[in-house]
Every structure is written in structure tokens, then in C-alpha cells.
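Examination of the molecular architecture
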Amino acid sequence: KSVQDENANLLLELQSRPTVKQYRSSERRVDELERKLYAAVEAAQESRSVANLRRHVDTKTLIEQDKANARLRLERLDAIPREVSREILRQACRELDVSDAALIAPCIRKMSKAVLLLPRLEGFVNDVCGYVFKHSAQE
């Protein structure tokens, strides 16, 4: 009789186990939930780091940034999917040849200053070339 009881218990235990299909489905669900959890944790850390960055910026700069954001309607950027945003940042890093996205703004600022100086540089080059050509023609 004990063999039959043990057999019945094993049969009940076997029937309570999930099928291979159910098991694989559960594994996929667990993977999906882990990815979502990781993304949520990452987003929370990112929002904390943005808040920390804003703490180190003076109020005047924050107001100027907010005004520029409103003028340029940058709130629309929130609608861009995360992967698209990341690809845009990667592309900007490649174009500017920087390995850290935090260096994009300083790099662009530096380039903007250089572009603003180009007309003065062009005038200087024209003056130098005019002087050289004028004196070389006299010799």
C-alpha cells in the first residue's frame, strides 16, 4: 500500500508541475520583467543624476536654460523613444569625436565660438595675402 501512496503522491506532484511550454513562457516573462526592471532602475538613476547636475548650476543659468527650452520647444524631445535618443547621442559623439556625451555641449560651444571668428580670420588672411601679393609684385 505504501508504494501505491508514494506512486499517487508522485503522480500528483508531476501533474502540478508546468509543461515545457508553460515553463518556457514563464522564463520569457521573467526575462521581460527583468529587462523592464533594469530599465526602470536605470531611468531612476538617470533622473537622480540629472537632479544632481542641476544642483551644481546657479539659478541664473537654470532660468536661462528653461527659457531657451521653452523658446525652442524642447519639451517635444520627451516624446522621442529612448533608443532613438541614444542613437542620436551616439551619432553626435561620433561626429564630434568625443567618447562622453557630457562633452557634446562644450564641444559645440567651442565650435560655435570658432565659427563666429571665421569672418575676422578671413579678413586677416585677405589682408596678409593682399600685402604679400602687393609687395611681391613690386619686386
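Residues numbered from 1 in each chain as written. Predicted model: local features only at pLDDT ≥ 70, side-chain atom pairs only at ≥ 80, totals over all residues. Heavy atoms only, no water.

Each helix and strand counted, the protein has 5 helices and 0 strands in total. Counted from the first residue to the last, the protein has its helices and strands arranged as α-α-α-α-α. Oriented by its inertia axes, the alpha-carbon framework of the protein measures out at about 125 × 45 × 25 Å. For the protein, the proportion of its 139 residues judged to be buried stands at 4%. Carbon and sulfur atoms make up 59% of the accessible area of the protein, which totals about 12900 Å². (Helix = DSSP H or I, 4+ residues; strand = E, 2+ residues; numbered from the N terminus. Buried < 20%, exposed > 50% of the residue type's maximum accessible area, 1.4 Å probe, protein only. Areas by Shrake-Rupley, 256 points an atom, 1.4 Å probe, with all protein chains shown as cover.)

Here we take up a nonpolar patch on the surface. A cluster of nonpolar side chains, contributed by V115, L118, L121, F124, V125, V128, Y131, V132 and F133, occupies part of the molecular surface with about 890 Å² of accessible area. Topologically, V132 is positioned in helix α5 (residues 104-138). For V132, a relative accessible area of 43% gives the class partly exposed. (Patch = residues over 30% accessible without salt bridge, like charges linked within 9 Å, V, L, I, M, F, W, Y side chains within 5 Å. Salt bridge = Lys/Arg side-chain N within 4 Å of Asp/Glu carboxyl O.)

Positive phi values are uncommon outside glycine, yet R73 reaches one of about 55 degrees. Residues other than glycine seldom take positive phi values, yet D97 does so here, at roughly 60 degrees.

As enumerated under the stated definition, the model contains 7 salt bridges in all. For R17, the salt bridge identified is with E13, shortest N-O distance 2.8 Å. A relative accessible area of 38% means that E13 is categorised as partly exposed. R86 is the salt-bridge partner of E83, the closest N and O atoms lying 3.4 Å from each other.

All right, on to the environment of D31 then. With respect to the helices, strands and loops of the structure, D31 is situated in helix α2 (residues 20-55). The sequence separation of D31 and T59 amounts to 28 residues, and the corresponding C-alpha distance is 43 Å.

The next subject is the state of the cysteines. Applying the stated criterion across every chain yields a total of 0 disulfides. Free cysteine: C93, not disulfide-bonded; nearest cysteine sulfur from C107 at 9.5 Å. On the basis of relative accessible area, C93 is assigned to the buried category, the value being 13%. (Disulfide = S-S within 2.5 Å.)

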